[in-house]
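Here's the letter readout for the chains.
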Amino acid sequence: MSTDRLDVVIFGATGFTGQRAVERSVEFLAKLKWGIAGRNQAKLENVRTEVGKKVSKDLSEIPIIIADVADEESLKKMAQQAKVVVNCCGPYRHFGEAVVKACVASGTHHVDVSGEPQYMERMQLQYDEAARESGVYIVSACGFDSIPADLGTIFHERHFEGVVNSVETYLVAKGDGPGAAVHYGTWESAIYGLAHANELRELRGKLFKERLPAMKPTLKNRPIIHRAPIVRNAVCLPFLGSDRSVVMRSQRFLYETQKKRPVQIRTYMSVGTYLNALLFIIAGAIFSLLTRFSIGRHLLLTYPKIFSFGLASHEGPSEEKRKNSKFTMWFQGKGWSEPLAEGEDQYKDPPTKKLITKVSGMDFGYGNTAAALLLCATTILNEHVKMPGKGGVLAPGAAFGNTSLIDELNKNQIFAFEVVSAKDDSQN
């Protein structure tokens, strides 16, 4: 890779997440050469000017690169000018592959904040071998989706001091202040992701040709509506985001490359009360039904405020709303103190050890998502020798598990990883 390249180029810098990335770059890329990219020169110049005013920095010397997802040659020229492309241009189902393709062809690393399982797994199926041959890392889910869940599971295993059989995660998210909590781009990605969820079975049949070994005891699903003591006995529902699929990609990778026993995982979210649970289920059912039909998708995309009950908007959350948002993801793990000889071996006794950990943070949906994304990029630049192999299309846990990324996220107060409590019944 040429040394005269920029260290990082932020593509999609005029979008909602892209602008947050530019803001945080002043802090996290201060010692690096970085630039911004997109299809509109005037808008890019405006972002550079406005962000400069906001952070009291002169950003006029930050390079601008014109690139358009509809112009393959422009994407190649952009990728050839960067060591890492930070891709903020979603929905990735529509716009992601062209950027990945250009990066692989140009020997350029690529990170994004996709929470779209179809896109992530399709990129792995189609570009993993080419990325390894090119010596580049393609890593998605580098924001709130799904750094807390994936690296949180790695952190949990690291501190378990034994073998983890299963982990249940419980997400508690809160946001104060008026206005939308979700930007239109996130809303759009969710619509298309659910609309095409049936693609995953066939895709996974091609990507994962062999099933993981069945681990015992099997981690069963909780009832759809249940109370969980770990979140103060709040009423909880299954969390249907991308977290579980991302974690399982990392666990599969670690099993296939290291023969490490794969952790079973189930993901849930706190909704507080039975009434909230009922409202969530009704709203979710309506949303799911509408995504199945073109007219339904048209209504959802055209009237996001109405159909999201004010949750989503083209403007996205205000800065006040973002800064008042916070989350805690609890990890409840069970396993054993003593390892077995092989990753496929089974224990004869039930789990005897428990561990509770948590990951928490503020402004998690956009501001600190952008910060985490940038730290993923700098980790590739600084610690690629600690990453597996010489490249590939990987989930964050597989890519960054042996690096200092968790420590950097903690140190910079982006996401806090903590051990809460441990219990080992085998010592009694």
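Owing to the predicted nature of the structure, the values given are computational and were not obtained by experimental measurement. (Residues numbered from 1 in each chain as written. Predicted model: local features only at pLDDT ≥ 70, side-chain atom pairs only at ≥ 80, totals over all residues. Heavy atoms only, no water.)

Trainee: Any chance you could explain the nonpolar core here in plain terms?
Mentor: Counting 86 residues, the largest nonpolar core has Ile10, Val86, Val111, Leu151, Phe400, Leu409 and Phe415 as the members making the most contacts within it. If one sorts the elements of this core by residue count, helix 14 (residues 367-383) sits on top with 10 residues. Listed in part, the 15 residues of the second largest apolar core include Val9, Leu75, Cys89 and Ala102. (Core = buried A, V, L, I, M, F, W, Y, C linked by side-chain atoms within 4.5 Å. Buried < 20%, exposed > 50% of the residue type's maximum accessible area, 1.4 Å probe, protein only. Helix = DSSP H or I, 4+ residues; strand = E, 2+ residues; numbered from the N terminus.)

Trainee: Hey, could you run me through the environment of Trp330 in this one?
Mentor: Here Trp330 is to be found in strand 13 (residues 326-336). Sequence separation between Trp330 and Glu121 is 209 residues; the distance between their C-alpha atoms is 26 Å. Contact partners of Trp330, with chain neighbours within four places excluded, come to Glu168, Thr169, Tyr170, Val172, Ile230, Val231, Ile356, Thr357, Lys358 and Val420. (Contact = heavy atoms within 4.5 Å.)

Trainee: Would you explain the UniProt feature "domain: Saccharopine dehydrogenase NADP binding" (unreviewed entry) in the protein in this entry?
Mentor: Mapped onto this numbering, the UniProt entry gives "domain: Saccharopine dehydrogenase NADP binding" (unreviewed entry) at residues 8-139. For the annotated span residues 8-139, helix accounts for 52% and strand for 19% of the residues, and the straight-line distance between the end C-alpha atoms is 15 Å. (UniProt positions renumbered as here; feature names shortened; annotations may be inferred.)

Trainee: Sorry if this is basic, but what is going on with the packing of aromatic side chains here?
Mentor: Describing an aromatic ring pair means giving the distance of the ring centres and the angle of the ring planes. Tallying each qualifying case throughout the model produces 10 aromatic pairs. For the pair Phe155 and Phe417, a centre-to-centre distance of 5.7 Å together with 55 degrees between the ring planes defines the contact as tilted. Separated by 262 residues along the polypeptide, Phe155 in helix 6 (residues 147-160) and Phe417 in strand 16 (residues 416-424) bring together distant segments of the chain. Each member of the pair, Phe155 as well as Phe417, is classed as buried. Their ring planes at 5 degrees and their centres at 3.7 Å tell us that Trp336 and Tyr347 sit as a pair that is stacked. With Trp336 in strand 13 and Tyr347 in the loop between strand 13 and strand 14 (353-362), this residue pair connects regions lying 11 residues apart in the sequence. In this structure Trp336 comes out as buried when scored by relative accessible area, which is 4%. For Tyr347, a relative accessible area of 16% corresponds to the buried category. Among the aromatic residues, ring-to-ring pairing joins Phe144, Phe327, Phe364 and Phe415 into one connected group. (Phe/Tyr/Trp six-rings, centres within 6.5 Å; stacked < 30°, edge-to-face > 60°.)

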